[in-house]
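# Secondary and tertiary structure notes
The residues making up each chain are set out below.
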Amino acid sequence: MLVVGFALYDIRHKRVPNKALVLSLPFFLSAPVLPIYVQNPSQIPSVLLGALLGSAIGFGVLLAAALFSKPGAGVGGGDIKLAAAMGFAYGANEMLCILLTASLLCIPVVIICRKAKHGQALSLPFVPFMAVGCLVVAGIRILI
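The structure reproduced in this document is the subject of the present report. (Residues numbered from 1 in each chain as written. Predicted model: local features only at pLDDT ≥ 70, side-chain atom pairs only at ≥ 80, totals over all residues. Heavy atoms only, no water.)

This next bit is on the overall build of the protein. The helix and strand tally for the protein stands at seven helices and zero strands. The N-to-C order of helical and strand elements in the protein reads α-α-α-α-α-α-α. Computed over the C-alpha atoms, the radius of gyration of the protein is 16 Å, within 12% of the 15 Å expected from 2.2 N^0.38 for a compact globule of 144 residues. For the protein, the spread of C-alpha atoms along the three principal axes comes to 55 × 35 × 25 Å. Across the 144 residues in the protein, those meeting the buried criterion constitute 34%. Taking the contacts inside the protein whose residues are at least 6 apart along the sequence as the reference set, 70% of them involve residues at least 24 apart. Here the protein displays about 8,700 Å² of accessible surface, and carbon together with sulfur accounts for 72% of that area. (Helix = DSSP H or I, 4+ residues; strand = E, 2+ residues; numbered from the N terminus. Rg over C-alpha atoms; globule rule 2.2 N^0.38 Å. Buried < 20%, exposed > 50% of the residue type's maximum accessible area, 1.4 Å probe, protein only. Contact = heavy atoms within 4.5 Å. Areas by Shrake-Rupley, 256 points an atom, 1.4 Å probe, with all protein chains shown as cover.)

Shown next, in the form of structure tokens:
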């Protein structure tokens, strides 16, 4: 639900607010630990390692995308920070699934919008695509 709020804000303002990111950090940081703490506290170190890896993946992939895109037409800093927080909450495998889903959904939208703008620079909010990726991960968790 938290990511959906960020997605709606990103659609409207084309940015991710830093204050909201800071306020949401306790939720993102506690998400992987709380269920394990209740069930089997001895697994916390391995869960934290997976969470850190997921955070590094979310941060690294979007940072690379930002570095390789044109200024003002790529992934922004808020997207990168949010992906790092999401990666911590979801872990490595789920974050990869979120980013893959978001990227695959974004490609046709970019192609259609670029044709409509006749090849001009394009700025799309990426968080809504990541939110759909979260829904895909939630659906996979339910099925498994």
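In terms of nonpolar packing, the biggest core is built from 27 residues, with Phe28, Leu82, Met86, Phe126 and Met130 touching the most fellow members. Counting residues per element, the ones that place at least two in this core are α1 (2-13), α2 (18-30), α4 (44-68), α5 (77-90), α6 (92-116) and α7 (127-143). (Core = buried A, V, L, I, M, F, W, Y, C linked by side-chain atoms within 4.5 Å.)

Our focus in this paragraph is the packing of α5 against α7. Relative orientation of the contacting elements α5 and α7 amounts to 10°, with a least axis distance of 11 Å. Accordingly, the angle class assigned to the pair α5 and α7 is roughly parallel. Where α5 approaches α7, its residues Asp79, Leu82, Ala83, Met86 and Tyr90 are matched on the opposing element by Val127, Met130, Cys134, Val137 and Arg141. Of the residues belonging to the contact of α5 with α7, the class tally is eight nonpolar, no polar and two charged. (Axes fitted to C-alpha atoms, helices over the stretch in contact; angles between N-to-C directions. Parallel < 35°, antiparallel > 145°, perpendicular 65-115°, else oblique. Nonpolar A, V, L, I, M, F, W, Y, C, P; charged D, E, K, R; others polar.)

The next subject is the packing of aromatic side chains. The geometry of an aromatic ring pair is captured by two quantities: the separation of the ring centres and the angle between the planes. Taken as a whole and assessed by the stated rule, the structure comprises one aromatic pair. Plain terms: the ring middles of phenylalanine 126 and phenylalanine 129 are 6.2 Å apart, the flat faces sit at 35° to each other, and that makes the pair tilted. Taken individually, phenylalanine 126 and phenylalanine 129 each receive the classification buried, so the pair is uniform in this respect. (Phe/Tyr/Trp six-rings, centres within 6.5 Å; stacked < 30°, edge-to-face > 60°.)

Here α2 contains 13 residues, and its C-alpha end-to-end distance of 19 Å stays within 8% of the 18 Å for a straight helix at 1.5 Å per residue. At serine 24, α2 shows its maximal kink, close to 45°; a proline, proline 26, follows between one and four residues later. Those residues of α2 that fall on the buried side of the exposure criterion are Leu21, Ser24 and Phe28. Where α2 is buried, its residues meet α1 and α5. (Expected span 1.5 Å × (residues − 1). Bend = angle between axes of the 7 residues up to and from the residue.)

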